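# Observations on chain architecture
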Amino acid sequence: MCFLFPSALSAVLLFVMLLPIRKFGDPVLRQKGDRVTAFDSTLTKLSVDMLETMYAAKGIGLAAQQIGKALQFFVVDIRTKSGADSEYEFTLDGKTVPVDILMPLAVANPEVEILPDDEWLYSEGCLSFPGLTGSVVRREKARLRYQDLQGVPHEIVCDGLFARCVQHEFDHCQGVLFIDRMEKADLLKIQTKVKQLKRETLARIKEFGA
Ligand SMILES: [Zn+2]
């Protein structure tokens, strides 16, 4: 069974496109996303392309801003991270379900509530900052309210790596990046490379338009 993709739309899967991932310096990464209003085959196709792009880049989450669309939309699949299954728990609409039912997960119009729990320092990466990592403090537990590809509302309560990924992708949808939350000492260490990445991105946009 596949939770994400209704069989009627399976033909869409035949034409998967890998999308260029926007890098730091691209203004779209700083744009707050518009709400998703059309829950149609175009949205399903977008989610399929974003997931394949994310898998190809060996990521566990990807927001619409990262492929050049300022939307309140992201995809997640943390099953691919080795050892990740021991690093989180979750419920979907108040029930325990197998992770293969939930993921790959497409999230439209997310609202994230950080739940009172321990803070957790963890080294994060981001597909818009290739090769760069740094420690970010986040809360262990979060509640995510969102709509699925059919527009049906859901609620996920999650912790650990799942909660961290949700917070990271939700930030993208608001135009917030992990360097904004990174520990100062870690940011200082990669500052030169971050500035270089921004210069390269701006030069590429000037030459090629994206
Ligand atoms: Zn990211």
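In this convention, every chain numbers its residues from 1, walking through the sequence in written order. For this predicted model, a pLDDT threshold of at least 70 governs which residues receive local features, and a threshold of 80 or more governs which side-chain atom pairs are given and counted, while totals over whole chains, interfaces and linings are taken from all residues.

## A short note on the environment of Leu197
For clarity, the cut-off: Here a strand is any run of E in DSSP of at least two residues, a helix any run of H or I of at least four, and the numbering for each starts at the N terminus. Note on burial: count the other C-beta atoms lying within 10 Å of the residue's C-beta; 20 or more is buried, 12 or fewer is exposed, in between is partly exposed, and C-beta positions come from the backbone. Any two residues are considered in contact once their C-beta atoms, placed from the backbone, lie within 7 Å.
You can see Leu197 is positioned in helix H5 (residues 184–208). Judged by C-beta crowding, with 19 C-beta atoms within 10 Å, Leu197 ranks as partly exposed. As for Leu197 and Pro130, which are separated by 67 residues in sequence, their C-alpha atoms are 9.0 Å apart. Look past the residues within four positions of Leu197 in its chain and what remains in contact with it is Lys23, Phe24, Gly25 and Phe129.

## Considerations on unusual backbone geometry
Cis geometry is adopted by the peptide bond preceding Pro104, which originates at Met103 and carries an omega value of 5°. Secondary-structure assignment places Pro104 in the loop between helix H2 (99–102) and strand S4 (105–125). Despite not being glycine, Lys58 shows a phi value in the positive range, around 60°. Tracing the backbone through its elements, the reader meets Lys58 in the loop between helix H1 (41–56) and strand S1 (61–63). Lys58 sits in the exposed class, given 10 other C-beta atoms within 10 Å.

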